[in-house]
Amino acid sequence: VDEKRAALKQQRHDDLFSVNPSPERAYPMEQRLNLALEEKLKRTLKSALDEQVTAKETEIAAARESERTREQFLLDCLQKEVNDERTAKLKQKDVIRQALSSDWEKQKALNEQSKAAGGLTKIF
C-alpha cells in the first residue's frame, strides 16, 4: 500500500511538473500566427484596397473631366452669344450710319436742287 501510495504521488508529481509534448492541448493557449499566411492575407487586402482607391480616383477624374467639358461648352456658348450680339450691334450701327448718310445725301441733293431752282425753299 505504501508503494502504491508513493507511486501515485510520484505519478501526480510527474503529471503536474512534466513537459507536455503538445502544450496547446495541455493548456488553452492562443493559436500561434502563421507569418506566411498573415503576409499573404495582408498583401491580398492591400491589393484590394489599392484597386478600390484606383477605381475611386478614376471615377473622380472622369467626373472632373465631365464637369470641365460642361463648363467649356457653357463658356463657348456664352462667347458665341456675346460675339453674335456684338455683330448685331455693329450691323445695326452700320445700318443707322447708312441711313443717316443717305438721308444727308438726299438733303444735300435737295438743297442743291433748290439753289438751282432759285433758292426759294430751303430744306434742312
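Here the structure is a predicted model, which means the values were calculated and not measured. Each chain has its residues counted from 1, running along the sequence as written. It should be noted that, the model being predicted, local features are given only for residues of pLDDT at least 70 and side-chain atom pairs only at 80 or more, the latter also being counted only at that level, while totals for whole chains, interfaces and linings use all residues. Each side-chain value is derived from all of the structure's non-hydrogen atoms; neither hydrogens nor water enter the calculation.

(A) Summary view of the overall build of the protein chain. Secondary structure elements are taken from DSSP: a helix is a run of H or I of four residues or more, a strand is a run of E of two residues or more, and numbering for both begins at the N terminus. Each helix and strand counted, the protein chain has three helices and zero strands in total. The order of helices and strands in the protein chain, counted from the N terminus, is α-α-α. Among the 124 residues that make up the protein chain, the fraction classed as buried is 2%. Accessible surface area values rest on a Shrake-Rupley calculation with a 1.4 Å probe, where residue burial reflects the displayed protein chains alone. Accessible area for the protein chain stands at about 12,400 Å²; split by element, carbon and sulfur atoms hold 59% of it. The buried label goes to any residue with under 20% of its type's maximum accessible area, the exposed label to any with over 50%, and the partly exposed label to all in between, with areas taken from a 1.4 Å probe on protein chains only.

(B) Representation of the pattern of salt bridges in the model. Here, a salt bridge means any side-chain nitrogen of Lys or Arg that lies within 4 Å of a carboxyl oxygen of Asp or Glu. Counted by the stated rule, this structure contains six salt bridges. Between Asp-50 and Lys-46 there is a salt bridge whose closest N-O contact spans 3.2 Å. Remark: Lys-46 and Asp-50 occur in helix α3 (residues 35-117); sequence separation between them is four residues, near one turn of the helix. Of the residues examined, Lys-46 reaches a relative accessible area of 52% and is grouped as exposed. Where Arg-68 meets Glu-65, a salt bridge forms, and the shortest distance between an N and an O atom there is 2.9 Å. You can see Arg-68 and its partner Glu-65 sitting in helix α3, three residues apart, about one turn around the helix. Overall, the relative accessible area of 45% leaves Arg-68 in the partly exposed class. Residue classification places Glu-65 among the partly exposed positions, given a relative accessible area of 40%.

(C) Just the packing of aromatic side chains, in detail. Pairs were defined over the aromatic rings of Phe, Tyr and Trp, the Trp ring being its six-membered one, requiring ring centres within 6.5 Å. Orientation was assigned from the angle between planes: stacked under 30 degrees, edge-to-face over 60, tilted for the rest. In total, this model carries zero aromatic pairs according to the counting rule given. Only when the NZ atom of a Lys or the CZ atom of an Arg is both within 6 Å of the ring centre and within 35 degrees of the ring normal do we say a charge sits over the ring. The side chain of Lys-108 reaches across the aromatic face of Trp-104, ending 5.8 Å from its centre.

(D) Examining helix α1 (residues 2-17) more closely. By this rule, a helix spans an expected 1.5 Å times one less than how many residues it contains. The terminal C-alpha atoms of α1, which comprises 16 residues, lie 22 Å apart, in line with the 22 Å expected from a rise of 1.5 Å per residue. Across the 16 residues of α1, zero count as buried, placing the element largely on the outside.

(E) Main features of a nonpolar patch on the surface. Taken together, the side chains of Leu-74, Leu-75 and Leu-78 present a nonpolar region at the surface, about 290 Å² in accessible area. Here Leu-78 shows up in helix α3. Under the relative-accessibility criterion, Leu-78 is labelled partly exposed at 44%. Every patch collects residues that have over 30% relative accessible area and no salt bridge, joining them within 9 Å if they carry like charges and within 5 Å if they are nonpolar side chains (Val, Leu, Ile, Met, Phe, Trp, Tyr).

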